[in-house]
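Close look at the chain arrangement
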Amino acid sequence: MALQNLLGPSPVETFLSDNFSQYWANEIDTLALAPQNRHICAFGDFPSTSRIDSNHDIVLVLNGTNSGVCPPDLDWIVPDRAGLVIADAVSAAFTRPIDFDRIDVLCWSWQKALGGEGGHGMIALSPRAQARLKASGRKPVARLMRLHNADGSVNKAFFGGRTISTPSMFAVEDIHSALDWAEACGGLPALLNRVANNYAVMADWVNSTPWIDWTCTNPAARSACSITLRLVREPLADAQKDDGDEIVAGMIRLLEAEGAAFDIWSYGDAPPGFRIWAGPTVEADDLAILCEWLAWAYSETCEASIPTVVRHSYFPPSKARAVQPRTESACPLTAALQSQPPQTLADCYDAILFDATGVLVSENDALPGAAEILARLNMSGQPYYIVTNISSGSEETIFARLRSAGLPVPAVDRIVSAGGVARHRVLEELAAGRIVSYVGSAHAAHDIFGEHPNLHCADRAETFDTLVVLDDEGFNFKRAADHILSTFRRRLIETGEMPRMIAANADIIYPGKNGTLVFGPNIIGPMLQAGLAPFGAPPISVEIMGKPGRAIFEECIARAGTNHLLMVGDQVDTDIKGAKAAGLDALLVTTGLNSCGELRQDENGAADFVAKDLNQIFTAVCFHSFGRRRFPVQQIRFWQLGARIAERTRRILAAAVEPAAWLGGRWR
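Below, the structure is looked at part by part.

What counts and how
- Here, residues in each chain are numbered from 1, in the same order as that chain's written sequence.
- In keeping with the predicted nature of the model, local features appear solely for residues at pLDDT of at least 70, side-chain atom pairs appear and are counted solely at 80 or more, and the whole-chain, interface and lining totals rest on all residues.
- The side-chain quantities take in all heavy atoms of the structure and omit both hydrogens and water.
- Only protein chains enter the accessibility calculation, which uses a 1.4 Å probe. A residue is then buried if its area is under 20% of the maximum for its type, exposed if over 50%, and partly exposed in between.
- Only DSSP runs of H or I reaching four residues or more are called helices, and only runs of E reaching two or more are called strands; each is numbered from the N terminus.
- By definition, two strands form a pair when at least two bridges between them are found by DSSP.
- By definition here, a helix of n residues has an expected span of 1.5 Å times n minus one.
- The directions from the helix axis to the C-beta atoms are what the arc is built from.
- Whether two residues are in contact is decided by their heavy atoms, any of which lying within 4.5 Å being enough.
- Structural elements are reduced to axes, namely lines fitted to C-alpha atoms, with helices fitted over the stretch in contact, and the angle between N-to-C directions of any two is expressed from 0 to 180 degrees.
- A side-chain nitrogen of Lys or Arg and a carboxyl oxygen of Asp or Glu constitute a salt bridge if their distance falls within 4 Å.
- Here a crossover is taken to be right-handed if, once the strands point away from the viewer, the path from the first strand over the helix to the second is traced clockwise.
- Definition of a polar contact: a pair of N or O atoms within 3.5 Å, with one able to donate and the other able to accept a hydrogen when the atoms are protein atoms, and with sequence-neighbouring residues admitted only if both atoms are side-chain atoms.
- Within this scheme, the nonpolar core is defined by two criteria: the residues are buried Ala, Val, Leu, Ile, Met, Phe, Trp, Tyr or Cys, and they are joined through side-chain atoms within 4.5 Å.

**Considerations on the pairing of strand E8 (residues 226-231)**
Working note: regular strand, side chains alternate between the two faces of the sheet. E8 sits mainly inside the fold: five of its six residues count as buried. In terms of strand pairing, E8 meets strand E9 (residues 273-277) through five bridges, oriented antiparallel. The residue of E9 that forms the bridge with Arg230 is Gly273.

Dropping the structure here:
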């Protein structure tokens, strides 16, 4: 609001000390609010203030919660400046002294320092800012952000208590309670003293702990309330892998499992470490206990004694100020299963669906880490299913093939194959007396469908009513394609119609070894359409049974008994788009076909999450597909709740109104 109403035409100096200051700088450019000079430095420090023009406006963040950085002082802002100073004080208000002679606009949140409810903020304007607002007149700003009346005068009612939009009265009462508490503590001096005491506790621990250090290496620029810490590791040899992320993830799993700390992972752009809030609402004694917990978790993690599964629902009772660290080792697995809170991406779902080729196996070999992932799920008891377009045999045959590759799949009912789903549909065609021809080997067809007098191989059948696409293994695909093309053309000439197609394996391409690509069996569809185009052929009717068709995902939902499933795949067009069309969440792994991470994702087929490998479904954070940033699982679960609200609303409206375009999926 301040940026849109007050900036321009004078240039603005922006200081990029954390992610939020980066956001404001980007907004200034995106909205073309003013010419901009960006001051940049390394992550964990505040930019130099030596090269600014006092005639320019200034935009800065007074306390960076993700970097742990704040301006060392504001002495470089001269009192007789011509420009305005606009400060993001979301977490600085009530946590640090603010020199109001050097600030013109202060914006802060009820939620941060005083622990109020989110979604509400306040703005304070100095006399200089008010003069700018009055002189500049009304700007083309959205009503929600507008500080002027229709005639261009400043809307003073906003500064007399009127709100711009309807507030939550719960939040209003909550901030009154928080302000009562602040006054009872002794007002602002007492709040700042509490912050100083909290910082002293953390500083004593950091200074005495060799494996942890400050993310902000400049003490003068270090925030006293936004404690950001990084893991200190020994220098690595050339061939060694940095395991800092894994150690931090293991520590966070333990701390969340014990109910000791939540959402303390360092920000996505920061080095592996922790982000701890030490504002005035936090007790110094609790931070001291947290330091003990951190030391315990580090010891447990480095000794590799982390419980392999964390799926319980224990939180410390509300009357307890903090839980005490146990002296014994981490709880046994059986106890963990009964009492730990959901905290990893895997724990957010009732069951997980894995693609096979490119995710778990490559040809007949298990991919690195795949066997360990399934073993971990077996141990936890969390259901999973392998959802594959492989149609070279029955589900029993695929089960044996995956087991021989070293994957510990516990039972054949965990295999959901395109061939298995197509079986019922093909048997219907045969029962109706239709002639069915198949693309694939005779062994595959007989293994899936059994033998039938009307079931023939496509490279020999002279005529057929239905063509079912299986796999490209064990037969001459080129010869079959040539024969099928002639059969379709003859049928088109003789009857004016063409056979229908049932695509069990709907893969157009799939990954081969060493990063190669291989045409999949469903390439036969585009080949036939192109070959028949000169003869005026209509589009071929294709019924897709495998991914991305809905039938195979409906089979997964039926077997799992729930639609709260996560699909893990490496192909956007089959795994991801198919899952999203069926109403499921999807995770794209950058292995297999997507090993370069370059596959396109349009808005209708974008994955909910992106991960570099399967192990990330067990970490406390993962990558959301927009921006590839790390997010805590608490936030991921919030997004899931939001998606459910949208879906429930859609269902209620669909039951109450006439079918319209938005019900067909075009509205968002």
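There is more to say, and it comes next.
**Let's talk about helix H4 (residues 169-185)**
Between the first and last C-alpha of H4 there are 24 Å, a value that for 17 residues agrees with the 24 Å anticipated at 1.5 Å per step. Listed in full, the buried residues belonging to H4 are Ala171, Val172, Ile175, Ala178 and Ala182. Each buried residue of H4 lies within a common arc of 125° when the element is viewed along its axis, so the set occupies one face. Opposite the buried face of H4, at more than 90 degrees from it, the exposed residues are Met169, Phe170, Glu173, Glu183 and Ala184. In the core, the buried residues of H4 are packed alongside helix H5 (187-207).

**Here's the deal with the sheet that holds E8**
Strand order in this open sheet of three strands is E7-E8-E9, and the pairing throughout is antiparallel. Because the sheet does not close on itself, it has two edges, and the strands there are strand E7 (212-214) and E9. The mean angle between the axes of side-by-side strands here comes to 30°, regardless of whether they run parallel or antiparallel. Pairing geometry for E7 and E8, over three bridges, is antiparallel. Residue pairing for E8: Ile212 is matched across the bridge by Leu231. Strand contacts of H5: E7, E8 and E9, with the helix running at about 130° to E7, the strand carrying the most contacts. This element, helix H6 (residues 244-257), spans E8 and E9 of the sheet and lies at about 40° to E9.

**Some remarks on the pattern of salt bridges**
Here the idea is simple: oppositely charged side chains can pair when their charged atoms come close. Applying the stated criterion across every chain yields a total of 22 salt bridges. Between Arg128 and Asp104 there is a salt bridge whose closest N-O contact spans 2.9 Å. Here Arg128, found in helix H3 (residues 127-136), pairs with Asp104, found in the loop between strand E4 (85-88) and strand E5 (105-109); they are 24 residues apart in sequence, far enough to count as distant. Of the charged contacts, one joins Arg460 and Asp459 as a salt bridge, the two residues approaching to 3.6 Å between their closest N and O atoms. The buried category is assigned to Asp459, whose relative accessible area is 10%. A single network of salt bridges, built from pairs that share partners, joins Arg425, Glu428, Glu429, Arg434, Arg500 and Glu543.

**Remarks on the pairing of strand E17 (residues 466-469)**
Of the two faces of E17, the one holding Thr466 and Val468 and the one holding Leu467 and Val469 are both buried throughout. When E17 meets strand E18 (residues 500-503), the two strands line up parallel, connected through four bridges. Bridge pairing in E18 places Thr466 opposite Arg500. For the crossover that starts at E17, traverses helix H13 (residues 477-495) and ends in the parallel E18, the hand is right-handed.

**Some thoughts on the side chain of His148**
Along the chain, His148 falls in the loop between H3 and H4. Judged by relative accessible area, which is 4%, His148 ranks as buried. A distance of 2.9 Å separates a polar side-chain atom of His148 from the backbone oxygen of Leu133. When residues no more than four places from it in sequence are discounted, the contact partners of His148 are Asn5, Leu133, Ser136, Gly137, Arg138, Lys139, Ser153, Val154 and Asn155.

**With respect to the nonpolar core**
Formed by 35 residues in total, the largest nonpolar core has its most connected members in Leu353, Phe449, Val468, Leu470 and Phe553. A per-element tally of this core places helix H11 (residues 418-431) first, with five residues.

**Let's talk about H13**
Three or four residues apart is the spacing at which side chains of an α-helix point the same way, because the helix has 3.6 residues per turn. Counted at 1.5 Å a residue, the expected span for H13 with its 19 residues is 27 Å, and the 26 Å between its end C-alpha atoms agrees. The complete set of buried residues in H13 reads Ala480, Ala481, Ile484, Thr487, Phe488, Arg491 and Leu492. Projection of H13 onto a plane perpendicular to its axis shows the buried side chains occupying an angular sector of 135°, all on one side. Looking at H13, the residues exposed on the side facing more than 90 degrees away from the buried face are Lys478, Ile493 and Glu494. Elements in contact with the buried residues of H13: strand E15 (436-439), E17, E18 and helix H14 (524-532). Looking one or two residues past H13, Gly496 carries a phi angle of roughly 75°, positive in sign.

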